[in-house]
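Summary of the model geometry
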Amino acid sequence: MHSTCAAPKRPSLSAERLLDAPLPDLLADLDAELVESSITDPGFIGALVQREDGSLILSMPPGRPRLERDCVARAMLGRMVGLPLGRLPGMYELTEV
């Protein structure tokens, strides 16, 4: 018997919505859950993981400034859905694994 498994479809999102929507609304749009990471290393800015069902887990370290968390979350979510965004400041680097 042959079985195939389709990759989960990523939601579409406009750049305007990504940049303007309140973060909780954006997370709801993308079926994403923001959780606090147990990783507190200063070099770790977060991780975004897509589950098999297509939902997302956005794990970010505690204690970071609200603006930093917001910008990094939007950058990670934008990359996940394939939106072309400008580069983050040099101290931040997004890596796909």
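1. A word on the overall build of the protein
If you tally the helices and strands in the protein, you get 3 helices and 3 strands. The secondary structure elements of the protein, listed N-terminal to C-terminal, are α-α-β-β-β-α. Total accessible area on the protein is roughly 6,800 Å²; 54% of this is exposed by carbon and sulfur atoms.

2. Quick look at the pattern of salt bridges
Under the counting rule described, the total for this entry stands at 4 salt bridges. The residue D70 makes a salt bridge to R74 at a minimum N-O spacing of 2.7 Å. Pair noted here: D70 and R74 are both in helix α3 (residues 66–81), with a separation of 4 residues, about one helical turn. Of the residues examined, R74 reaches a relative accessible area of 9% and is grouped as buried.

3. Regarding the sheet that holds strand β3 (residues 56–60)
Spatial strand order, β1-β3-β2: 3 strands in an open sheet with mixed pairing. The outermost strands of the open sheet, each flanked by one partner alone, are β1 (32–36) and β2 (47–50). Going across the sheet, the axis of each strand differs from the next one's by a mean of 20°, ignoring polarity. Examined bridge by bridge, β1 and β3 share 5 bridges and lie parallel to one another. Residue pairing across strands places L34 opposite L58, the latter belonging to β3.

Basis of the calculations
All residue numbers refer to position in the chain's written sequence, counted from 1. In keeping with the predicted nature of the model, local features appear solely for residues at pLDDT of at least 70, side-chain atom pairs appear and are counted solely at 80 or more, and the whole-chain, interface and lining totals rest on all residues. The basis for the side-chain values is all heavy atoms of the structure; hydrogens and waters are excluded. Elements are defined by DSSP. Helices are runs of H or I of four residues or more, strands are runs of E of two residues or more, and each kind is numbered from the N terminus. Per-residue and other accessible areas follow the Shrake-Rupley method at a 1.4 Å probe size, with only the shown protein chains counted as cover for residues. Between Lys or Arg on one side and Asp or Glu on the other, a salt bridge is scored when a side-chain nitrogen of the former is within 4 Å of a carboxyl oxygen of the latter. Only protein chains enter the accessibility calculation, which uses a 1.4 Å probe; a residue is then buried when its area is under 20% of its type maximum, exposed when over 50%, and partly exposed in between. By the convention used here, strands pair only if DSSP detects at least 2 bridges between them. Each axis is a line fitted through C-alpha atoms, taken for helices only over the stretch in contact, and angles between the N-to-C directions span 0 to 180 degrees.

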